Amino acid sequence: MKRLFDIVASGLGLVALSPLFLVLAVWIKADSRGPVFYRQTRVGRHNRDFRLFKFRSMRPDSDKLGLITVGGRDPRVTRSGFYIRKYKLDEFPQLINVFVGDMSLVGPRPEVRRYVDMYTPEQMRVLDVRPGITSLASIRYRNENDILAAASDPERAYIEQVMPDKLAIDLEYVERASLATDIALIFRTFKEIITK
């Protein structure tokens, strides 16, 4: 039921959001050089790599300067990217990942391999399910960039504080996941975005 729900909802979402996708694509191209989409290798279900879609919100090759984004002060973020990130619009192309089966609408956020390699055996259980576009952890840490921006060492703060806490929340989801919980989290995510 969860997979069927993902296919139907992501397919309808891609059709309904196609005009917004076009507007964002034009804005991104007009604002800075580089592609409209940013594709990054992330770790998905069963510890397998996949390519995640996002609208590009940073300057080309920014990931070579570090994986952690530190809020509005990060000079790698473009002008359009600031607003695209603020309202989570950069995440919408992941509906493509959901439709093809790499991701789910709801599930633990997918990480890059570098951080997954730091997981404990217990934390690796988050890879038993498909990663999601939204999760309870991502809602609770909606201001993650601001938290990291305030840290003297953002990378260390992420590895030692933010990541373990998010994984603990995600592990609770893995244990109690249900379609009803997913639907509730989707509505809660929209509420958070609208009221932000």
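Residues numbered from 1 in each chain as written. Predicted model: local features only at pLDDT ≥ 70, side-chain atom pairs only at ≥ 80, totals over all residues. Heavy atoms only, no water.

Peer 1: Outline the nonpolar core, supporting the account with residue identities and numerical values.
Peer 2: Ranked by internal contacts, the top residues of the largest apolar core, which has 19 residues, are Tyr 115, Tyr 119, Val 126, Leu 148, Tyr 158 and Met 163. Going through the elements one at a time, helix H5 (113-116) and helix H8 (154-176) are the ones with two or more residues in this core. Among the elements that make up this core, the one with the highest residue count is H8 (seven residues). When near neighbours in sequence (up to four residues on either side) are disregarded, Tyr 119 contacts Glu 111, Met 124, Val 126, Met 163 and Leu 167. Formed by 13 residues, the second largest nonpolar core is a distinct cluster that contains Val 98, Val 106, Ile 133 and Val 174. (Core = buried A, V, L, I, M, F, W, Y, C linked by side-chain atoms within 4.5 Å. Buried < 20%, exposed > 50% of the residue type's maximum accessible area, 1.4 Å probe, protein only. Helix = DSSP H or I, 4+ residues; strand = E, 2+ residues; numbered from the N terminus. Contact = heavy atoms within 4.5 Å.)

Peer 1: Describe the side chain of Lys 54, listing the residues and the values that go with them.
Peer 2: Of note, Lys 54 is situated in strand S2 (residues 49-55). Judged by its relative accessible area of 13%, Lys 54 is buried. If we skip the residues at most four places from it in the chain, Lys 54 touches Val 36, Phe 37, Tyr 38, Arg 42, Asp 90, Glu 91, Pro 93, Gln 94 and Arg 109.

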